[in-house]
Amino acid sequence: MIDLRSDTVTRPSQAMLTAMMSAETGDDVWGDDPTVLRLQATAAERAGKEAGLFFPSGTQSNLAALMAHCGRGDEYIVGQLAHTYKYEGGGAAVLGSIQPQPLENAADGSLPLEKIAAAIKPLDDHFARTRLLALENTIGGKVLPAGYVDEAVQLARKHGLATHLDGARVFNAAVASGKPLDALCAPFDSVSICFSKGLGTPVGSVLVGSNALLTSAHRWRKVLGGGMRQSGLLAAACLYALDHNVERLADDHANAAHLAESLAGVDQVKVQGHATNMVFAQFPQQHCAPLEAWLKERGILIQALYASRFVTHLDVSRADIDTFVAAVKQYFASH
Ligand SMILES: *Cc1c(COP(=O)(O)O)cnc(C)c1O
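These remarks concern the structure in this document. (Residues numbered from 1 in each chain as written. Predicted model: local features only at pLDDT ≥ 70, side-chain atom pairs only at ≥ 80, totals over all residues. Heavy atoms only, no water.)

1. Structural notes on the state of the cysteines
Under the criterion given, the structure shown has zero disulfides. The structure places no disulfide on Cys-70, whose sulfur is separated from the nearest cysteine sulfur, that of Cys-185, by 19 Å. Just so you know, Cys-185 is unpaired, no disulfide at all, and the nearest cysteine sulfur is the one on Cys-194, 13 Å from it. (Disulfide = S-S within 2.5 Å.)

Right under this line is the structure:
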């Protein structure tokens, strides 16, 4: 199967499975799993933070971070398109009693500074207490402009807000921008990093930040049901990915550029853009469902929507992309 629906669909390689099988383990709720401890320390070091905390998912890592930064009746400023607002089931409000203050994202994924400033509420019993600015990098595949991040964080600081980065794909941002991970994480108090996206592990995210913040996130992780036992099996996959699957993200980015260019050569397809490992394109509405089904019969999985997203990853080769584009051409030649 050639699966372009997401970078979460990767399967662990034989080498990754071997690393998992030979992991030393212990009960991590007791702090006894040496492989988890090693992953947390390694991720913290690479991100330039004091500490790291291993989570079963990015959703839970983000939520525990929001709950560590904000209490009941506090609010966080966040983009309408941000994962922590739009794609996490409203968890901050549902489970954290935290009010989101969503703002429209600009086309480059940023939140305009004047909109952030206008959304910060004065201390007044009428208002929720604005406590946190949450950004995302990459967002919709796009790397946030570095100058923008510095200005946004400075603005937040000036108003006494903490800052969180949903860095589910921050390694993609690092590879695409040529900046080290710690430089991208430095402006933020906390960063959540996914290993189950482009890095190709079956499970796992690491939250990095200060010791004090992670002490609170550790408590919330337990409350949210994320305290795991012999999770060194999973942490071993993440350590393997840090050693083997980071630099190769450049291949995914090159493959996405190649996919965008090739799809642009198909008359019926309108390519809207591409960034890092994502391509966005439109098919004629009446062809979406039939095209998706036709490709599936030929071993190619896409989500054909009026505006489709294609994601490259370590289980998609350049030849797979050529196979996919040839199949799309063949479909339109015969329909
Ligand atoms: C996937 C993703 C998450 C959540 O990760 P899960 O492990 O799927 O819960 C958070 N933020 C962004 C930007 C993501 O793409």
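Additional details are given in the paragraphs that follow.
2. Comments concerning the environment of Asn-255
Summarising the element assignment, Asn-255 is placed in helix 12 (residues 249-264). It is 23 Å that separates the C-alpha atoms of Asn-255 and Tyr-240, two residues lying 15 residues apart in sequence. Residues within four places of Asn-255 in sequence aside, it is in contact with Thr-312, Val-316, Ser-317, Arg-318 and Ile-321. (Helix = DSSP H or I, 4+ residues; strand = E, 2+ residues; numbered from the N terminus. Contact = heavy atoms within 4.5 Å.)

3. Observations regarding the side chain of Asn-277
Of note, Asn-277 is situated in the loop between strand 9 (270-275) and strand 10 (278-282). Polar contacts involving the side chain of Asn-277 include one to the side chain of Asp-7, which spans 2.9 Å. Apart from residues no more than four positions distant in its own chain, Asn-277 is found in contact with Asp-7, Arg-169, Asn-172, Asp-252, His-253, Ala-256, Phe-310, Val-311 and Thr-312. (Polar contact = N/O pair within 3.5 Å; in protein donor to acceptor, adjacent residues only side chain to side chain.)

4. With respect to the site of the ligand
Near the ligand, the surroundings consist of Ser-57, Gly-58, Thr-59, Asn-62, His-83, Glu-88, Glu-136, Asp-166, Ala-168, Arg-169, Cys-194 and Lys-197. At a separation of 2.8 Å, an oxygen atom of the ligand approaches a polar backbone atom of Gly-58. Protein chains shield 83% of the accessible area of the ligand, which is 370 Å² for the free molecule. A total of three residues in the shell around the ligand trace back to one element, the largest contributor, which is helix 3 (residues 58-69). For the shell around the ligand, the class distribution of residues is two nonpolar, five polar and five charged. (Near = heavy atom within 4 Å. Areas by Shrake-Rupley, 256 points an atom, 1.4 Å probe, with all protein chains shown as cover. Nonpolar A, V, L, I, M, F, W, Y, C, P; charged D, E, K, R; others polar.)

5. Points about unusual backbone geometry
Geometrically, the link from Asn-137 to Thr-138 is a cis peptide bond, its omega value of 0° lying close to zero. Tracing the chain through its elements places Thr-138 in the loop between strand 5 (129-136) and helix 7 (146-158). For Ser-97, which is not glycine, the phi dihedral falls at a positive 55°. For Ser-97, a relative accessible area of 35% translates into the label partly exposed. A positive phi angle is found at Thr-276, which is not glycine, with a value near 40°. Relative to the assigned elements, Thr-276 resides in the loop between strand 9 and strand 10. (Buried < 20%, exposed > 50% of the residue type's maximum accessible area, 1.4 Å probe, protein only.)

6. Some points on the side chain of Gln-40
Along the chain, the position of Gln-40 falls in helix 2 (residues 34-47). Setting aside its immediate chain neighbours within four residues, Gln-40 contacts Gly-52, Leu-53, Phe-54 and Arg-221.

7. Some points on the nonpolar core
Formed by 49 residues in total, the largest nonpolar core has its most connected members in Leu-39, Ile-77, Ile-116, Leu-135 and Ile-193. When residues of this core are assigned to their parent elements, the largest contribution, seven residues, is made by helix 11 (residues 232-244). For Ile-193, the residues in contact, after removing those within four places along its chain, are Ala-47, Gly-167, Val-170, Phe-171, Leu-181, Ser-205, Val-206 and Val-208. (Core = buried A, V, L, I, M, F, W, Y, C linked by side-chain atoms within 4.5 Å.)

8. Considerations on the pattern of salt bridges
Counted under the stated rule, the structure contains ten salt bridges. For Lys-121, the salt bridge identified is with Glu-75, shortest N-O distance 2.7 Å. One end of the pair, Lys-121, is in the loop between helix 6 (113-119) and strand 5; the other, Glu-75, is in strand 3 (residues 74-79), and 46 residues separate them in sequence. Between Arg-248 and Asp-252 there is a salt bridge, with the nearest N and O atoms lying 2.5 Å from each other. Taking the relative accessible area as the measure of exposure, Arg-248 reaches 19% and is therefore buried. (Salt bridge = Lys/Arg side-chain N within 4 Å of Asp/Glu carboxyl O.)

9. Things to note about the packing of helix 3 against helix 10 (residues 211-223)
Between helix 3 and helix 10, the shortest axis-to-axis distance is 8 Å and the interhelical angle comes to 120°. Classified by the angle their axes make, helix 3 and helix 10 are oblique. Seen from above, helix 3 lies across helix 10 with right-handed handedness. On helix 10, the residues that touch Gln-60, Ala-64, Met-67, Ala-68 and His-69 of helix 3 are Leu-213, Ser-216, Ala-217, Trp-220 and Arg-221. Counted by class, the contact of helix 3 with helix 10 contains six nonpolar, three polar and one charged residues. (Axes fitted to C-alpha atoms, helices over the stretch in contact; angles between N-to-C directions. Parallel < 35°, antiparallel > 145°, perpendicular 65-115°, else oblique. Left-handed = near helix turned anticlockwise from the far one by under 90°.)

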